[in-house]
Amino acid sequence: MTTNAPCAVILAAGKSTRMKSRLPKALHPIAGRPMLGHVLSTVEALGGARPVLVVGPGMDDVSGYARGLVPGLTIAVQEKQLGTGDAVRAAAPHIGEKQDVVLLVFGDTPLVRRETLADMARRCEEGSDIVVLGFEAADPTGYGRLVLDGNEVVRIVEHKDATDEERKNRLCFGGPMAVRTAHLPGLLAMLTNDNAQGEFYMTDMVAHGRAAGLACGAVFCPEADIQGVNSRADLAAAEASMQQRLRAAAMAGGVTLLDPATTYLSFDTMFGQDVTVGQNVVFGPGCSIADGVTIKAFSHLEGARIDEGAEIGPFARIRPGSEIGRKARIGNFVETKKAKIEDGAKVNHLSYIGDARVGAGANIGAGTITCNYDGYNKFFTDIGAGAFVGSNSSLVAPVRIGDGAYLGSGSVVTKDVAANALAVARAKQVEKPGWAAAFHAKHKDKKKVSGE
Ligand code: UD1
Ligand code: CA
């Protein structure tokens, strides 16, 4: 028997009414990435033929997203949503005959693991004609139930078609199904829609296959690897499972999470070793955190690169395009955006640094604001190495502060400052000796009005 990677078909044409959303279900994110993205990258990792994605008419946002992720992906349009079996029919003309096995996967089961699908494909190639993925559900409501005879799967009965007795069975069908390519056209031709939902069920291929003498087996996985997303509550449950998986992987890679249940990761969060993450920290997509970084409690990071030994937070907001250099320090209530904070620089308190460079070793005082936006355009602020920006300064971009320059506190800087110069841009202090005493004397007979 030849071994070649399966041809994967991903079904995503369903109407997803239970989500009550204008956004197609496949594009709802889990860990910062559309559900479909998780499924596509999992089947991509199997290698082999280009996958086929089944979408409904007008689902251009879904096909556009998928094409962006997997160039050369084949899109099949299912004209009417007549059920999962009908969706497979829509894909059938695009399935390469060179592949021995077709792997049918749902776009709404984002947690499925590559190893599980590979195992199913192997089992299908080596023995069974059909291999389905089963799991034991804590609450099986809504899922198709697997009817077994020893190791063989006899049929799958959909929840809505099941008797009360059958509904007690907690062994469910997870969605993925591997089928020998040669058998697929015959099995699809046998599907009918005389069932509770009036749909063509892909799951009926098992009973038809059995009747035709085919061998139907099952592979099993934990529920957390295959739970389906039909509603917002399911979405939250799948997110929780994905977060647990990502946290476990981070810790296995040498990251200390002080309270793992409150660390929120994205599918692509990258960590070096000996990173410490405090409580209630959120990593949006596109973060890469180098060795020895400390991220303190209540920080929010997104699209950022944090270099070795830097310290972030508590309560820091690191927005896209931020690059925080080695041993740099970003403290509480500091927001950075498109900002390069070079090695050893410090922005310790209450600042906004956007569209800017802060040179190595510079010190940015509390309350410093880069005024980067005039309502139409964004402008750049360049702060040289070793510069010292006094507290409560506003840097009105475009502006350049030279290396080693010093800015007096409370300055509103609108012009460039030369290297190593001192600039003070604030009203001069005026002092009138005895003024206050004279003022009080003048008013001594008047009653003070309270609260004014
Ligand atoms: C399906 C299975 C059920 C299984 C469960 C696992 C069938 C009949 N039922 O039920 O046995 O336990 O998944 O999560 O297969 N889709 C199309 N075109 C359609 C209908 C659906 O492309 O006409 C796609 C959907 O976009 C979705 C997938 O197929 O990605 C599954 O459809 P859905 O309606 O969610 O099926 P379930 O009721 O969850
Ligand atoms: Ca579903």
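Above: the structure in question.
Residues numbered from 1 in each chain as written. Chains lettered and ligands numbered in written order. Predicted model: local features only at pLDDT ≥ 70, side-chain atom pairs only at ≥ 80, totals over all residues. Heavy atoms only, no water.

Colleague: So what exactly am I meant to see when it comes to the nonpolar core here?
Modeller: If you look at soluble globular proteins, the nonpolar side chains tend to sit buried side by side. Ile 306 and Ile 341 are the most contacted members of the largest nonpolar core, which has 53 residues in total. When residues in this core are grouped by element, the largest group, five residues, is from helix H8 (residues 232–252). Beyond its immediate stretch of four places on either side in the chain, Ile 341 contacts Glu 323, Ile 324, Gly 325, Ala 328, Ile 330, Val 347, Ile 353 and Val 358. Counting 36 residues, the second-largest nonpolar core is a separate cluster that includes Ala 12, Leu 40, Val 131 and Phe 135. (Core = buried A, V, L, I, M, F, W, Y, C linked by side-chain atoms within 4.5 Å. Buried < 20%, exposed > 50% of the residue type's maximum accessible area, 1.4 Å probe, protein only. Helix = DSSP H or I, 4+ residues; strand = E, 2+ residues; numbered from the N terminus. Contact = heavy atoms within 4.5 Å.)

Colleague: Looking at this model, I keep getting lost on the sheet that holds strand S15 (residues 275–277). Mind explaining?
Modeller: Consider a sheet: its strands pair through backbone hydrogen bonds, and that pairing is either parallel or antiparallel. Strands sit in the order S12-S15-S18-S21-S24-S26-S28-S31-S34-S36 across an open sheet of ten strands; the sheet is parallel. Strand pairing shows two members of the sheet lacking a second neighbour, strand S12 (255–257) and strand S36 (422–423), which therefore form its edges. Where strand S26 (residues 346–349) lies against strand S28 (residues 363–364), two bridges are found, and the strand directions are parallel. In the strand pairing of S28, Val 347 is matched with Ile 364. (Pairing = 2+ DSSP bridges.)

Colleague: Explanation requested: the pairing of strand S8 (residues 145–149) in the structure shown.
Modeller: Across a regular strand the side chains alternate sides, sitting on one face of the sheet and then on the other. Bridge analysis of S8 against strand S9 (residues 152–157) gives five bridges, and the strand direction is antiparallel. Bridge pairing in S9 links Val 147 to Arg 155.

Colleague: Can you walk me through the site of ligand 1 in this structure?
Modeller: Surrounding ligand 1, one finds 23 residues, the nearest of these being Gly 14, Gln 78, Thr 84, Glu 158 and Phe 173. At 2.8 Å from an oxygen atom of ligand 1 is found a side-chain nitrogen or oxygen belonging to Thr 84. Contact distances for ligand 1 include 2.7 Å between an oxygen atom and a side-chain N or O atom of Glu 158. Considering ligand 1 on its own, with 750 Å² of exposed area, one finds that the protein chains cover 91% of that surface. The set of elements that each furnish at least two residues to the shell around ligand 1 consists of helix H3 (84–91) and strand S10 (171–180). When the residues that make up the shell around ligand 1 are grouped by side-chain class, the tally is nine nonpolar, ten polar and four charged. (Near = heavy atom within 4 Å. Polar contact = N/O pair within 3.5 Å; in protein donor to acceptor, adjacent residues only side chain to side chain. Areas by Shrake-Rupley, 256 points an atom, 1.4 Å probe, with all protein chains shown as cover. Nonpolar A, V, L, I, M, F, W, Y, C, P; charged D, E, K, R; others polar.)

Colleague: Even after reading the chapter, I still don't get the coordination of the calcium ion (ligand 2), so can you show me in this structure?
Modeller: Six octahedrally arranged donors around a metal ideally form angles of 90 or 180 degrees; four tetrahedrally arranged donors ideally form angles of 109.5 degrees. Note on the calcium ion (ligand 2): its protein donors are Asp 108 (OD) and Asn 230 (OD1). The metal-donor distances range over 2.3 to 2.4 Å. Remark: Asn 230 occurs in the loop between strand S11 (216–220) and H8 and Asp 108 occurs in the loop between strand S6 (101–106) and helix H4 (114–126); sequence separation between them is 122 residues. (Donors = N, O, S within 2.8 Å, 3.2 Å for Na, K, Ca; no water.)

Colleague: Sorry, what's going on with the environment of Gly 253 here?
Modeller: You can see Gly 253 is positioned in the loop between H8 and S12. In this structure, the C-alpha to C-alpha distance between Gly 253 and Val 275, residues 22 residues apart in sequence, is 9.8 Å. The residues contacting Gly 253, other than those within four sequence positions of it, are Gly 272 and Gln 273.

Colleague: So what exactly am I meant to see when it comes to the state of the cysteines here?
Modeller: Linking two cysteines covalently through their sulfur atoms gives a disulfide. Enumeration according to the criterion identifies zero disulfides in this entry. Note on Cys 216: no disulfide assigned, nearest cysteine sulfur contributed by Cys 124 at a separation of 9.6 Å. As a non-bridged cysteine, Cys 221 has Cys 172 as the owner of its nearest cysteine sulfur, 11 Å distant. For Cys 221, a relative accessible area of 10% translates into the label buried. (Disulfide = S-S within 2.5 Å.)

Colleague: Sorry if this is basic, but what is going on with helix H2 (residues 60–69) here?
Modeller: It helps to recall that an α-helix has 3.6 residues per turn; residues three or four apart then point in one direction. Among all positions in H2, only Val 62, Ser 63 and Ala 66 are buried. Projected down its long axis, H2 shows its buried positions confined to an angular sector of 90°, all on one face. Exposed and oriented more than 90 degrees from the buried face of H2 are Asp 60 and Gly 68. Where H2 is buried, its residues touch helix H1 (35–44), strand S4 (52–55) and strand S5 (74–77). (Arc of directions from axis to C-beta.)

Interpretation note: all reported values are geometric properties and have no functional meaning in isolation.
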